[in-house]
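Per-entry structural report
Each chain, letter by letter, is given below.
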Amino acid sequence: IACVLSGLPESIVAAACARSGQRVLHVDSRNYYGGNWASFSFSGLLSWIKENQQKADINKEREDWRKLILENEEVLSLSKKDKTIQHVEDFCFGDQDSAEDVEEAGALPKLPVFGASGAEGVAQESEKECPPAESTLPEAESREPEKATGTEPASAKEGNDTERTSESESSHSTVLGESTLELGKTEAAPSEISAREPKKITYSQIVREGRRFNIDLVSKLLYSRGLLIDLLIKSNVSRYAEFKNATRILAFREGKVEQVPCSRADVFNSRQLTMVEKRMLMKFLTFCLDYEQHPDEYQEYENSTFAQFLRTRKLTPSLQHFVLHSIAMVSETDCSTLEGLRATKKFLQCLGRYGNTPFLFPLYGQGEIPQCFCRMCAVFGGIYCLRHSVQCLVVDKESGRCKAIVDHFGQRISANYFIVEDSYLSENVCTNVCYRQISRAVLITDQSVLNTDAEQQVSILTVPPVDLGKPAVCVIELCSSTMTCMKDTYLVHLTCPSTKTAREDLEPVVQKLFNLNTEKETESEKQEKPRVLWAVYFNMRDSSGVEKNSYNGLPSNVYVCSGPDSALGNDCAVKQAETIFQEMFPTEEFCPPPPNPEDIIYDEDEIAPEESGFSNSPETKPESSTEESSSGTAVKKEDNE
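Residues numbered from 1 in each chain as written. Predicted model: local features only at pLDDT ≥ 70, side-chain atom pairs only at ≥ 80, totals over all residues. Heavy atoms only, no water.

Threshold: UniProt positions are given in the numbering used here, feature names are shortened, and annotations may be inferred rather than shown by experiment.
As annotated in an unreviewed UniProt entry, the chain carries the name Rab proteins geranylgeranyltransferase component A 2 and is attributed to Cariama cristata. Per UniProt, the chain carries the Subcellular location (unreviewed entry) text "Cytoplasm, Cytosol". Entered under Sequence similarities (unreviewed entry) in the UniProt record, the comment concerning the chain runs "Belongs to the Rab GDI family."

1. A few points about the layout of surface pockets
Just so we agree on the cut-off: Method remark: on a 1 Å grid restricted to protein atoms, a set of points is classed as a cavity if a 1.4 Å probe fits but cannot get out and as a pocket if it is open with protein on both sides within 12 Å along at least five of seven lines; lining residues have an atom within 4 Å of a point. Grid points are joined across faces, edges and corners, and a volume is the space filled by probe spheres set on the points. By definition, any uninterrupted DSSP run of H or I lasting at least four residues is a helix, any uninterrupted run of E lasting at least two residues is a strand, and each is numbered from the N terminus. Each residue is assigned to one of three groups, with Ala, Val, Leu, Ile, Met, Phe, Trp, Tyr, Cys and Pro labelled nonpolar, Asp, Glu, Lys and Arg labelled charged, and all others, Gly among them, labelled polar. What counts as a domain boundary in this text is fixed by an automatic or database domain assignment.
Of the voids in this model, the largest pocket is the one considered here, and its volume is about 1,100 Å³. Looking at the largest pocket, it is lined by 37 residues, and the ones nearest its centre are Met329, Val330, Ser566, Ala567 and Leu568. Among the secondary structure elements, those contributing two or more residues to the lining of the largest pocket are helix H11 (317-327), helix H12 (337-350), strand S21 (436-445), strand S23 (473-478), strand S24 (490-497) and helix H16 (571-584). For the lining of the largest pocket, the residue count by class is 18 nonpolar, 10 polar and nine charged. Each of two domains, domain 1 (2-82 + 364-433 + 545-584) and domain 2 (264-350), supplies a minimum of three residues to the lining of the largest pocket.

2. Considerations on the pattern of salt bridges
How we decide: For this analysis, a salt bridge means a side-chain nitrogen from Lys or Arg found within 4 Å of a carboxyl oxygen belonging to Asp or Glu. Three exposure classes are used, based on accessible area relative to the maximum for each residue type with a 1.4 Å probe and protein chains only: buried under 20%, partly exposed in between, and exposed over 50%.
Counting across every chain of the model gives 20 salt bridges. Across the pair Glu89 and Arg503 runs a salt bridge whose closest N-O atoms are separated by 3.3 Å. With a gap of 414 residues between them, Glu89 in strand S5 (residues 85-92) and Arg503 in helix H14 (residues 502-513) connect regions that are remote in the sequence. Look at Arg503 and you get partly exposed, because its relative accessible area is 28%. Here Arg436 makes a salt bridge to Asp542, at a shortest N to O gap of 3.5 Å. Taken together, the residues span a long stretch of sequence, with Arg436 in strand S21 and Asp542 in strand S25 (residues 532-542) at a distance of 106 residues.

3. As for the environment of Val260
Rules: Contacts: residue pairs with any heavy atoms within 4.5 Å of one another.
Relative to the elements of secondary structure, Val260 occurs in the loop between strand S14 (256-259) and helix H8 (264-269). Measuring from C-alpha to C-alpha, the distance between Val260 and Leu250 comes to 5.3 Å, with 10 residues separating the pair along the chain. Apart from the residues within four sequence positions on either side, Val260 is in contact with Ile249, Leu250, Ala251, Phe322 and Ser326.

4. Side note on the pairing of strand S20 (residues 418-421)
Looking down a regular strand, the side chains alternate between one sheet face and the other. Stated precisely, the cut-off is as follows: We call two strands paired when DSSP finds no fewer than two bridges between them.
Here S20 shows two buried faces, one formed by Phe418 and Val420 and the other by Ile419 and Glu421. For strand S1 (residues 2-4) and S20, the ladder comprises three bridges, and the chain directions are parallel. Bridging from a neighbouring strand, Val4 pairs with Val420 of S20. Here S20 pairs with strand S26 (residues 558-561) via four bridges, running parallel. Following the sheet pairing, Ile419 is matched in S26 by Tyr559.

5. A look at the packing of H11 against H12
The condition is simple: To get an axis, a line is fitted to the C-alpha atoms, and for a helix only the part in contact is used. The angle between two axes follows their N-to-C directions and goes from 0 to 180 degrees. Angles below 35 degrees are treated as roughly parallel, those above 145 as roughly antiparallel, those between 65 and 115 as roughly perpendicular, and all remaining angles as oblique.
Following both chains from N to C, one finds H11 and H12 inclined at 80 degrees, their axes separated by 10 Å at the closest point. As the angle between them shows, H11 and H12 are arranged roughly perpendicular. Note on element contacts: H12 touches H11 through Ala343, Thr344 and Phe347, opposite Val323, Ser326 and Ile327. Here the contact of H11 with H12 is built from residues that sort into four nonpolar, two polar and no charged.

6. Let's talk about the sheet that holds S26
Pairing is parallel across the open sheet formed by five strands, whose spatial order is S16-S2-S1-S20-S26. Unpaired on one side and paired on the other, strand S16 (383-385) and S26 mark the two borders of the sheet. Along the sheet, successive strands turn relative to each other by an average axial angle of 15 degrees, direction set aside. Across the face of the sheet, H16 comes into contact with S20 and S26 while running at roughly 175 degrees to S26.

7. Remarks on the sheet that holds strand S17 (residues 390-396)
Across the sheet, which stays open at both edges, the four strands sit in the order S4-S17-S18-S19 with antiparallel pairing between neighbours. Each edge of the sheet is formed by a strand with only one pairing partner; in this case those strands are strand S4 (73-77) and strand S19 (412-414). Taken over all neighbouring pairs, the strand axes of this sheet differ in orientation by 30 degrees on average, direction set aside.

Next up, the structure:
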């Protein structure tokens, strides 16, 4: 099986195939894992910005590979340019007064508004001269990546081959069956923290601490009872990652950000709801949990929108807003009643499994998840090659099946099945495909959108559209304990389906929530809002939902995976991966649990003879086996962890 690109769906398929005993070759033209699912350090993101602003060719073609094509074969060329990212714009709003000091150490130019041109080398030089100091995170301790036996992929993020740190009290374990999900604790800070002024962060500090950042290209959360969490537990891939609870759900209403009570305890402890509203909300949420048992209450509204249905439930306007935008998280105009009830039920069913919200976030960013499945594939014999582009697919004219790929070295590699990410297909293959777009923004800010006594918060906020027909904007705010940003900063992701360029879609929301240091803002507004230190906007292609028959002349044994979609969860990627695997191997189980080391039965001829000092008898325990015994204990310990 040959997989081209290492996004999340491809990585899951590769892991499932390797686990079922198939030979897997996984190649990627990029120098990092994950494709558009990847995470970057700050300097790595600047490099990515530069590449996408220049729109350079992914690979250079060699001419001599065409002699490898036989007379009864034809070539299906692959795209040499990545066209999935457009309209990339980045801005620096942070104070650059101290940039001269950094310039001496790392040659950092002062850029009032920069594109990434020139910034890549600057950030990398600065990180070389000024490595992350442990003193900046006094509670940090070394986090060594787990090592798996066999061939293993390197770290997916540029700069992540260095030592990574985590806060010593930021995680605890929750055992589920035979798998472990490690969840971060939210540390309560003293009440004085919320009242004090945020620390002044300069651009040079961001560059110096660039490796503290793990910035996702795609912003998602994991539903605690979603398909991805179930797959992580079932396959035992969860042991390769750590997770932190999303600590609060926020709403934006009447120009203010406020916390949404969603669990029973939150509802009754809420000070923003009256007693009557608390009873109304609990009664409605209880109905949503088993709405299928009461069809008479919603059947006449099946053709209505969910917003219209909520108006008939005697809910106050504030409760309708909370349910529609912060619990169901659906569109006010396009979502039917049944879709809204299903979304609300899914939200409520996920509550309480790991915390007071339905969501988990992987420490070090979403880009960790594809790496986890790449590691599983490598443990079971998969081979990984980065910076290894593919020129074309070789197709047999008679059978119409793909026989091989030709790489940029001019090598012909044969396989039975081929997994290709949509971005690699040429325009000739995709002439009938209509793509959607996702608008994305990533901000580095100096404080939270809603300050409370607890400083370390992971928040999700839905900002409803100003004009009907436009999409709502999903905002995810990450604190430093998620290992995605430096101390005293927050990393904010904004996502919505595109109607224009990303900046045109998202900048109005950014201006509502944050201080951009513009002349239009009053002094009081600047003091109340968090300050944006740095920002990037870009549009990303959404190729989800495209049927295979939409592609022209695609061989039957070539399967296409889509890039990230605009949904909050990862269900689309998991469903796609499982569907592809079942089409290739209908009798095989999808990602079964790996065997425990204690359950592995070795052949007799693999056991060393007694003459070498080892015996099969349990009564004989030679002294020379002490080293082996200790290593065996280490294996068991790692498995238990």
